[in-house]
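The lines below spell out each chain.
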Amino acid sequence: MNATVSTAIFGGFMVLTVALGLLAVRGRSSGGGLAEWSVGGRSLGTVFIWVLMAGESYTSFSYLGAAGWGYNFGAPVLYVLAYMSCGYGLGYVVGPMLWAYARRHRLVGITDMVAHRYRAPWLGAAVAILATVCLLPYIQLQITGMGVVVSTISYGAISLNWAYFIAFAVTTGFVVISGLRGSAWVLVLKDVLVIATLGFLAVYVPLHYFGGYGPFLHRITAEKPQWLTFPGHASGGLGPVWFITTTVVNSLTVVIFPTTVAGYLGARNAEVLRRNALYLPFYNVLLFVPMLLGMAALFVVPGLVGADSNLALFKLVVDSLPAWAVGLTGVAAALSSIVPMAVFMLVIGTMWGRSVLGARANADIGAGEASGDGGRRTDGGRQKLWSQVVVVVAGALALALTYTAPDTLVRLSLISYEGMAQLVPMLLLGLVWRRLTLRAAVSGLVAGFALVCVLVFGGHDPVGGMNAGIVALAVNVAVALGVTWLGPRDADGRPDAEVLALDDEFPRDGGLPRDGAAGPTASS
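Everything numeric here is computed off the predicted structure, so don't read it as measured data.

1. Some remarks on the overall build of the protein
Scanning the protein from N- to C-terminus turns up 23 helices and zero strands. Here the protein, with 524 residues, has 57% of them falling under the buried criterion. For the protein, long-range pairs separated by at least 24 residues make up 84% of all intrachain contacts whose partners lie at least 6 apart in sequence. With an accessible surface of roughly 19000 Å², the protein has 68% of that area assigned to carbon and sulfur atoms.

Below is the structure:
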C-alpha cells in the first residue's frame, strides 16, 4: 500500500511536469527560432529568471550529495554555500555584461561569444565539444540521482533501470518542444515543492528524532565534533586551503557555466539579472537543511558506506513519514534532477546546433536573427532543428552509458567543473581586454585543461592542499598573458564596441543601444 500511494503521487506529478512544459509554449508560434527555444526569446522576467538560476542550486546533489557529504565528512560540504554565494556576487557584474554582449550581437551561448570575439567559428565548435565532455557527466549524474530517489521512495516497486528511463523520457518530452521557457515553468513547480519539503524536514526531523535543535546540536558537538571542523571526518586533504581555493575557482566557473549563461541570456533586461543576484543568496539558506540532516542521519541510520551514504536523507524520510509525504519529497527530489538535466541537454543542443552542425562563416554568426524576427529565417530554423535532434541524442547517450558503462562518465565528472574553469580567461578576460589574442587564449586553454587532466586523473587533487582547478587556472592565465605579450598581435580592425563586452551597451529597460553605441554589423 505504501508503494502504491507513493508511486501514484510520483506518477501524477510527472504527468503534470510534462503538461506544464508543453503549456509554456501555448499560443507561441511553433516556428519560433533558436533564440525563442534556447533562451526563452530573451524575455523572461524576474520570477522566471530567479527560479531558473536557483535551479542551478538544487539538483539531485541537494537531496543526495549534500546529505552524503554531511554524513561522511561534515564541515567541508559548506564549500557549496560559499562558492555559490560568491558566484552570485560575481554574477551581479558578469551577468549583465554577458547579456548585453549577446543581445547586441544576437548570440545564444558561450560558443557564439568566443566565435564572435576572436572571429573564429572553429573555436566556437571546439569549445562546444569541450563543454559537452564536461556537461554530459552531469546529465548522467542527474539520471542516476533520480533513479536512486524514485527506487527508494517507491519502496523498491520501481526498479533503477525504469527510473533512469523515466528521467530521460520526461525531460526530453518537454525540453525538445518548449526549450528554456518550459524549463522555467516546471522550475516554479519544483521550487514550490523543494521549499515546502525541505522547510518541513528542517523542523520535523530534529523534533522527531532528537526533541529539537538544541539536543540535536548538543549531541553532534559532544559525540561527533570532528564533523564540525576542517578538514572534516575522514575527508583527507579537504582543509581550509582547499576550501578557499575551491570557493574561488568554483565561483569564477559558475558565472560562465553554459547553463548559467543560458539563464543570463533569457532575461528581459540587465536589471532583472542584478535583482536576481541580490535575491539568489537567500535561496541558499535551504542548502543547510540536507547538510544538517545528513549529520542527523549519523545517529539514526549509522553505518552507511559508499553510495549508500547518499541516501542518508531519504533513509530518514522513508523511515518516519507516511507514504504520501514520502511521495511528495520524492517528487521534489526527482524534479531537482529533471529540470537541471533539461537545461544541460538544451545547452548542449544549442551549442552543437549553432556552432558545430550549423557552423558557418563568421560573417553569418547571428545573421538568422539579426532582423529581430526571432530567427524565423531558414538558417535559424535549421539550427533549431539540429539543436533539438542533439538534445535527444545527448540524453540518449547519457542514458545508454548509465545502463552499460556508468564509470565512463563518472570518471569524466572528476574534471567537469575544473575543466570548465579553464574557459574563464578565454571568455571573461577576452571580453574585457582587447589585447588577448586568439593564440594566447587557445594556448592558455590547452595548457590549463591538460594540467587539470594530469592532476585529477593522476590522483593529485588536492595538490599541496589546493584545488587542482585553481592551479591549472593560474597556469592558464600565465600562458595566455605570456603569449599575448611575447607573440604577434592579431590584426582586428573592429571597434571596441564590436569586440568587448560593455555593460552599458543597452539601457536598463532593455531597449535600443544608447546614442553613440555601434549597432550590429555584418561581421556579427
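2. Remarks on unusual backbone geometry
Note: most residues except glycine have negative phi, and most peptide bonds are trans. Cis geometry is found at the peptide bond from Phe230 to Pro231, where omega equals 5°. Along the polypeptide, Pro231 turns up in the loop between α10 (213-223) and α11 (240-254). Pro462 follows Asp461 through a cis peptide bond whose omega is 5°. Along the chain, Pro462 falls in the loop between α21 (438-457) and α22 (468-486). Positioned with a positive phi, Arg106 is a non-glycine residue whose angle comes to about 55°. Among the secondary structure elements, Arg106 is positioned in the loop between α6 (79-104) and α7 (110-117).

3. Examining the nonpolar core
Generally speaking, a soluble globular protein has its nonpolar side chains buried in company with each other. Ranked by size, the top nonpolar core spans 160 residues in total, and within it Leu98, Met113, Ile139, Leu423 and Met426 carry the most contacts. Ranked by residue count, the leading element in this core is helix α9 (residues 160-210), at 20 residues. Those residues within four positions of Met113 in sequence are excluded, and the remaining contacts are Leu98, Tyr101, Ala102, Leu107, Val261, Leu265 and Leu427.

4. Here we look at the packing of α9 against helix α16 (residues 323-356)
Working note: a packed helix pair is described by the angle between its axes plus the distance between those axes. Closest axis-to-axis distance for the α9/α16 pair is 6 Å, and the angle between their directions is 145°. Judged by the sense of rotation from one axis to the other, the crossing of α9 with α16 is left-handed. Taken together, the residues of the contact of α9 with α16 sort by class into 23 nonpolar, seven polar and one charged.

5. Topic: a nonpolar patch on the surface
Where nonpolar side chains cluster on the molecular surface, the patch consists of Tyr92, Val93, Leu278, Tyr279 and Phe282 and spans about 540 Å² of accessible area. Within the residue set of the nonpolar patch, elements represented by two or more residues are α6 and α13 (270-283). Broken down by element, the nonpolar patch gets its largest block of residues, three residues, from α13. Mapping Tyr279 onto the fold places it in helix α13.

6. Overview of the pattern of salt bridges
Under the defined criterion, the tally for this structure stands at seven salt bridges. In this structure, Asp492 and Arg119 form a salt bridge, with 3.8 Å as the shortest nitrogen-oxygen distance. Here Arg119 lies in the loop between α7 and α8 (121-153) and Asp492 lies in the loop between α22 and α23 (496-499), a separation of 373 residues in the sequence. Arg434 is the salt-bridge partner of Asp496, the closest N and O atoms lying 2.8 Å from each other. Taken as a pair, Asp496 in helix α23 and Arg434 in the loop between α20 (424-432) and α21 lie far apart in primary sequence, 62 residues in all. Note on Arg434: relative accessible area 26%, which makes it partly exposed. The network of salt bridges with shared partners includes Arg119, Asp492 and Arg494.

7. A closer look at the side chain of Thr484
Mapping Thr484 onto the fold places it in helix α22. With a relative accessible area of 1%, Thr484 lands in the buried category. Setting aside its immediate chain neighbours within four residues, Thr484 contacts Trp433, Arg435, Leu436, Thr437 and Ala440.

8. Some details on the state of the cysteines
Counted under the stated rule, the structure contains zero disulfides. Cys453 provides the cysteine sulfur closest to Cys134, a residue in no disulfide bond, and the two sulfurs are 8.3 Å apart.

9. Overview of the packing of aromatic side chains
Aromatic rings in a pair are described by how distant their centres are and how their planes are angled relative to each other. In this structure the tally under the stated criterion is 18 aromatic pairs. On the basis of an interplanar angle of 90° and a centroid distance of 6.2 Å, the ring pair of Trp162 and Phe165 is categorised as edge-to-face. Note that Trp162 and Phe165 are positioned in helix α9 at a spacing of three residues, about one turn of the helix. Taking the relative accessible area as the measure of exposure, Trp162 reaches 58% and is therefore exposed. Judged by relative accessible area, Phe165 falls into the partly exposed class, the value being 37%. Through pairs of rings, three or more aromatic residues link up here, namely Trp69, Phe73, Tyr79, Tyr83, Tyr138, Trp242, Phe257, Phe344 and Tyr417.

10. Side note on the confidence of the model for the protein
The predicted model of the protein averages 83 in pLDDT, with 86% of residues at 70 or higher. Segment residues 360-376: pLDDT under 50, and 49 contacts once partners within four positions in sequence are set aside and those in other chains are kept.

11. Quick word on the environment of Asn250
Structurally, Asn250 is set in helix α11. Sequence separation of Asn250 and Ala421 is 171 residues, and the distance between their C-alpha atoms is 7.4 Å. The contact partners of Asn250, leaving out residues within four places of it in the chain, are Tyr79, Tyr83 and Tyr417.

12. A look at α7
Note: α-helices contain 3.6 residues per turn, so residues at a spacing of three or four share the same orientation. By the criterion of burial, α7 is predominantly enclosed, with eight of the eight residues buried. The set of residues buried in α7 consists of Ile110, Thr111, Asp112, Met113, Val114, Ala115, His116 and Arg117. Within two residues after α7, Arg119 carries a phi angle of roughly 50°, on the positive side.

13. A short note on α13
Taking 1.5 Å per residue, 14 residues should reach 20 Å; α13 reaches 21 Å between its end C-alpha atoms and fits that length. A maximum bend of about 30° is found in α13 at Ala277, where proline Pro281 lies one to four positions downstream. Ala270, Val272, Leu273, Arg274, Asn276, Ala277, Leu280 and Tyr283 are the residues of α13 that are buried. The N-cap of α13, judged by a side-chain oxygen 3.1 Å from the amide nitrogen of Glu271 a few residues on, is Asn269.

The rules we used
Each chain has its residues counted from 1, following the order in which its sequence is written. Under the rules for a predicted model, residues below a pLDDT of 70 receive no local features and side-chain atom pairs below 80 are neither given nor counted, while totals for whole chains, interfaces and linings still include all residues. As a convention, hydrogens and water are excluded, and side-chain values are obtained from all of the structure's heavy atoms. Put simply, DSSP marks the helices as runs of H or I at least four residues long and the strands as runs of E at least two long, and each gets a number from the N terminus on. Accessible area is worked out with a 1.4 Å probe on protein chains only. A residue is then buried under 20% of its type maximum, exposed over 50%, and partly exposed in between. Any pair of residues with heavy atoms lying within 4.5 Å of one another is described as a contacting pair. Each accessible area is a Shrake-Rupley result for a 1.4 Å probe, and residues are judged covered by the shown protein chains and nothing else. Side-chain atoms within 4.5 Å are what join buried Ala, Val, Leu, Ile, Met, Phe, Trp, Tyr and Cys residues into a set we call a nonpolar core. To obtain an axis, a line is fitted to C-alpha atoms, over the contacting stretch when the element is a helix, and the angle between two such axes runs from 0 to 180 degrees between their N-to-C directions. Handedness of a crossing is defined here by the sense of rotation of the near helix relative to the far one, left-handed for an anticlockwise turn of less than a right angle and right-handed for a clockwise turn. Gly falls in the polar group here, along with every residue not listed as nonpolar (Ala, Val, Leu, Ile, Met, Phe, Trp, Tyr, Cys, Pro) or charged (Asp, Glu, Lys, Arg). Like charges are joined within 9 Å and nonpolar side chains (Val, Leu, Ile, Met, Phe, Trp, Tyr) within 5 Å, but only among residues with over 30% relative accessible area and no salt bridge; these make up the patches. The working definition used for a salt bridge is a side-chain nitrogen of Lys or Arg within 4 Å of a carboxyl oxygen of Asp or Glu. By definition, disulfides here are pairs of cysteine sulfur atoms that lie within 2.5 Å. Only the six-membered ring of Trp is used, alongside the rings of Phe and Tyr, when aromatic pairs are assigned; centres must lie within 6.5 Å, and planes under 30 degrees apart are stacked while those over 60 apart are edge-to-face, with the rest tilted. Within a predicted model, pLDDT stands for the predictor's per-residue confidence, ranging from 0 to 100. An expected span of 1.5 Å times one less than the residue number is assigned to each helix. Fitting axes to the seven residues ending at a residue and to the seven starting there, one defines the bend at that residue as the angle between these axes. A 3.5 Å cut-off defines polar contacts: any pair of N or O atoms within that distance qualifies, except that in protein one atom must be a possible hydrogen donor and the other a possible acceptor, and neighbouring residues in sequence count only when both atoms are side-chain atoms.

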